[in-house]
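Commentary on secondary and tertiary structure
Residues per chain, in single letters:
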Amino acid sequence: MGRNLKKKQEIISYCRENNLQPVVVVAQHKSHLDIPNSSLCYPEIPEFLSLIDHAQLVVTDSFHGTVFSLLFNTPVVVIPKNDHDARFQTLNEYFNIAEAYCRGEFRDAVNHYFDFTAINEKIKELQFTGWEYLRTVTGEKI
């Protein structure tokens with residue numbers, strides 16, 4: 001996301017207008033994005049999950065950040081690294097979140113309505129399917 005100065009400025013403006021305190025989570029030792037009034041964080045897994053769980057909004061280019069946002073019912077804006085990531089396409093097929101993908105204006109993506117009731121139902125279906133698969137391949141009663 002650091003590559004796109006216009007998107008970064010839109011995010012900064014949105015945070016100011018909505019009195020949000022940005023937290024920049026740095027992964028894989030990448031340099032700090034220059035976002036004013038933000039805190040910089042190199043979290044371990046429990047803190048990473050807690051940040052997502054307690055956020056008002058997550059802005060990410062990370063598949064895992066997107067998945068955990070959905071699991072925690074936290075609105076998310078995805079800044080895709082490319083348009084051909086099959087994992088993100090699958091997430092959209094399951095959860096109908098294409099409008100949360102910021103390919104144009106940030107404000108369009110941030111205004112996406114998440115139907116977390118439907119998302120949670122789909123997650124339950126996928127969990128059931130996963131457990132059934134594990135039962136089938138292991139022969140165990142899990």
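Above this text is the structure in question.
Summarised in this report is the structure supplied together with it. None of these values were measured; they are calculated from a predicted model. (Residues numbered from 1 in each chain as written. Predicted model: local features only at pLDDT ≥ 70, side-chain atom pairs only at ≥ 80, totals over all residues. Heavy atoms only, no water.)

1. What to know about the environment of V25
Position of V25 among the secondary structure elements: in strand β1 (residues 23–25). C-alpha of V25 to C-alpha of L40: the two residues are 15 residues apart in sequence and 6.2 Å apart in space. Setting aside residues no more than four positions away along its own chain, V25 makes contact with C41, P43, F48 and L51. (Helix = DSSP H or I, 4+ residues; strand = E, 2+ residues; numbered from the N terminus. Contact = heavy atoms within 4.5 Å.)

2. Description of the pattern of salt bridges
Per the counting criterion, the structure on display carries 7 salt bridges. R107 is paired through a salt bridge with E17; the nearest N and O atoms lie 2.6 Å apart. Linking R107 in helix α5 (residues 106–110) with E17 in helix α1 (residues 5–17), this pair joins segments that are 90 residues apart in sequence. Taking the relative accessible area as the measure of exposure, E17 reaches 53% and is therefore exposed. Three or more residues are tied together by salt bridges with common partners; here these are K6, E10 and E105. (Salt bridge = Lys/Arg side-chain N within 4 Å of Asp/Glu carboxyl O. Buried < 20%, exposed > 50% of the residue type's maximum accessible area, 1.4 Å probe, protein only.)

3. Regarding the side chain of T60
Secondary-structure assignment places T60 in strand β3 (residues 58–60). Setting aside chain neighbours within four positions, we find T60 in contact with G65, T66, V76, V77, V78 and I79.

4. Observations concerning helix α4 (residues 86–95)
Buried within α4 we find F88, L91 and F95. Along the axis of α4, the buried residues cluster in a sector spanning 55°; they form a single face. Sitting at the head of α4, D85 places a side-chain oxygen 2.9 Å from the backbone nitrogen of R87. A positive phi of about 55° marks N96, the residue just after α4. (Arc of directions from axis to C-beta. Polar contact = N/O pair within 3.5 Å; in protein donor to acceptor, adjacent residues only side chain to side chain.)

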